[in-house]
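Here are the chains, one letter per residue:
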Amino acid sequence: MTTWDYTQLAPTYSHRPPYAARAVERIVTAGGRSQPRVADIGAGTGHLTLGLVQYGCSVDAVEPNDAMRSIGQERTADQPSVHWRTGTAESTGLPQGAYDLVTFGSSFNTTDTTRALAEASRILTDGGWMACIWNHRQLDDPLQMSIEQLIQERVPDYSYGSRRADQAPVIEASGLFSPVTKIEEAFVHDMPLDDWIAAWRSHATLQRQAGALFDSVVNDIEALVRSKIDDTIRIPYTTVGWMAPRRGAL
Ligand SMILES: C[S@@+](CC[C@H](N)C(=O)[O-])C[C@H]1O[C@@H](n2cnc3c(N)ncnc32)[C@H](O)[C@@H]1O
């Protein structure tokens, strides 16, 4: 498994956009339970956790990284239905059969997915569901296309890797969850330009692949965008994900 260390990215991570409300709603209502108990795995700074709370969930947020978790704890301090735990997707430390829903907000690709799915199945109730989601910038938007072009020029082998891969075969191959439903919900996110640039400084995939070039690539992205936009940027996103019920529960 790749080691994904978010420590340096934690301070700017909260600038990332929320997930499409409709996507969160679909996940929360999939199992037909009101106020589901959720294990949010790789909860980070609490982005998905906060969305889940808005739909009435009580959430045990599991996060291995101290820097990410402590920001998440601060952001959810006024939410009595959120409890934070130190753990990983492969070994959550959570009780067996206790959750209606296990979620992975942009974190499934950081895990050993075979072990993560086995652990999700262990902690779910009969009739429980798993869901993994990501926010994808719509790369056919003209401004986003020019950013992509810049990245490809500076980091020629750049790839989004499993962040943009089809997870249905992975989930089905586990034999633990079926059938798999795809989620795709588009939204537009308006963002202060400064926050958008800060979000790039928390882009783990670019950081890993750009290596020593990371700061200069982000500086170039900043210069490009500032040459076209004044203070607020409109970014088209799609929340993309997959969800499935635990097998044996059908
Ligand atoms: C891209 S962030 C997503 C955070 C948050 N869920 C969100 O939606 O914004 C991925 C998170 O997964 C965590 N992570 C890395 N490896 C993990 C593992 N093996 N199990 C669980 N979480 C992991 C990272 O520390 C990081 O906080």
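The structure we're discussing is the one just above.
Summary of the structure given here.

Each value, and the rule that gives it
Residues numbered from 1 in each chain as written. Predicted model: local features only at pLDDT ≥ 70, side-chain atom pairs only at ≥ 80, totals over all residues. Heavy atoms only, no water. Near = heavy atom within 4 Å. Polar contact = N/O pair within 3.5 Å; in protein donor to acceptor, adjacent residues only side chain to side chain. Areas by Shrake-Rupley, 256 points an atom, 1.4 Å probe, with all protein chains shown as cover. Nonpolar A, V, L, I, M, F, W, Y, C, P; charged D, E, K, R; others polar. Helix = DSSP H or I, 4+ residues; strand = E, 2+ residues; numbered from the N terminus. Buried < 20%, exposed > 50% of the residue type's maximum accessible area, 1.4 Å probe, protein only. Contact = heavy atoms within 4.5 Å. Axes fitted to C-alpha atoms, helices over the stretch in contact; angles between N-to-C directions. Parallel < 35°, antiparallel > 145°, perpendicular 65-115°, else oblique. Left-handed = near helix turned anticlockwise from the far one by under 90°. Pairing = 2+ DSSP bridges. Salt bridge = Lys/Arg side-chain N within 4 Å of Asp/Glu carboxyl O.

The subject of this paragraph is the site of the ligand. Among the 20 residues in the neighbourhood of the ligand, the closest are listed as Tyr13, Tyr19, Gly42, Glu63 and Gly105. Alanine 89 places a polar main-chain atom, nitrogen or oxygen, 2.8 Å from a nitrogen atom of the ligand. Contacts to the ligand include glycine 105, whose backbone N or O atom sits 2.8 Å from a nitrogen atom. Bound to the protein, the ligand loses 96% of the 590 Å² it would expose on its own. Classifying every residue of the shell around the ligand by side-chain character gives nine nonpolar, nine polar and two charged.

Now for the side chain of histidine 47. Tracing the backbone shows histidine 47 in helix α3 (residues 47-54). Residue histidine 47 is classed as buried on the basis of its relative accessible area, which comes to 13%. Looking at histidine 47, its side chain comes within polar contact range of the side chain of arginine 75, at 2.9 Å. Apart from residues no more than four positions distant in its own chain, histidine 47 is found in contact with Tyr13, Ser14, Arg16, Pro17, Pro18, Tyr19 and Arg75.

Where helix α8 (residues 193-200) contacts helix α10 (residues 214-226), the two axes come as close as 10 Å, and the packing angle between them is 155°. Put simply, α8 runs roughly antiparallel to α10. Our pair here, α8 against α10, has a crossing hand that is right-handed. Contacts between α8 and α10 pair Leu193, Asp194, Trp196, Ile197 and Trp200 from the former with Phe214, Val218, Ile221, Glu222, Val225 and Arg226 from the latter. Looking at the contact of α8 with α10, its residues break down into eight nonpolar, no polar and three charged.

The next point concerns the sheet that holds strand β3 (residues 82-85). In a beta sheet, neighbouring strands are held together by backbone hydrogen bonds and run either parallel or antiparallel to one another. With respect to topology, seven strands assemble into an open sheet ordered β3-β2-β1-β4-β5-β7-β6, the strand pairing being mixed. Two strands close off the open sheet at either side, each with one partner strand: β3 and β6 (181-192). Here the strands of the sheet are splayed against their neighbours by 20° on average, with no regard to which way each runs. The strands touched by helix α5 (residues 113-123) are β1 (37-41), β4 (99-105) and β5 (124-137); relative to β5, the strand with the most contacts, the crossing angle is about 135°.

A few words now on the pattern of salt bridges. Under the definition given, this model contains 15 salt bridges. Close ionic contact of glutamate 25 with arginine 22 constitutes a salt bridge, the shortest N to O distance being 3.4 Å. Here arginine 22 and glutamate 25 lie together in helix α2 (residues 21-29), a separation of three residues that amounts to about one turn. Notably, a salt bridge pairs arginine 37 with aspartate 100, separated by 3.0 Å at the nearest N-O pair. With arginine 37 in strand β1 and aspartate 100 in strand β4, this residue pair connects regions lying 63 residues apart in the sequence. For arginine 37, a relative accessible area of 37% puts it in the partly exposed group. A relative accessible area of 8% places aspartate 100 in the buried class. Within the structure, one salt-bridge network assembled from shared partners comprises Asp194, Arg201, Glu222 and Arg226.

So yeah, pure geometry; function would need other evidence.
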